[in-house]
Amino acid sequence: MMDLALLLLQEGTTGNPNAIGVFRFFAGFVLVITIYTTFLGFTYWISKDE
């Protein structure tokens, strides 16, 4: 996951529709979705009754 974050911070923009721009867009999308689902899973785990 850290590799994806480092790729997103490299020089360049995602405005150009070349292969690297498309890859960086989907890498960022997957990174955000992963963080969001991890947060939802943690809040479910911490709030469930035992």
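Look a little higher up for the structure.
Reading guide: rules and limits
- Residues numbered from 1 in each chain as written.
- Predicted model: local features only at pLDDT ≥ 70, side-chain atom pairs only at ≥ 80, totals over all residues.
- Heavy atoms only, no water.
- Helix = DSSP H or I, 4+ residues; strand = E, 2+ residues; numbered from the N terminus.
- Buried < 20%, exposed > 50% of the residue type's maximum accessible area, 1.4 Å probe, protein only.
- Areas by Shrake-Rupley, 256 points an atom, 1.4 Å probe, with all protein chains shown as cover.
- Patch = residues over 30% accessible without salt bridge, like charges linked within 9 Å, V, L, I, M, F, W, Y side chains within 5 Å.
- Salt bridge = Lys/Arg side-chain N within 4 Å of Asp/Glu carboxyl O.

(A) Structural context of the overall build of the protein chain. Scanning the protein chain from terminus to terminus reveals two helices and zero strands. Across the 50 residues in the protein chain, those meeting the buried criterion constitute 10%. Summed over its atoms, the accessible surface of the protein chain is roughly 4500 Å², and 71% of this surface lies on carbon and sulfur atoms.

(B) How the structure looks around a nonpolar patch on the surface. The grouping of V22, F25, F26, F29, V30 and I33 at the surface amounts to a nonpolar patch, some 570 Å² of accessible area in total. Here F26 is to be found in helix α2 (residues 19–47).

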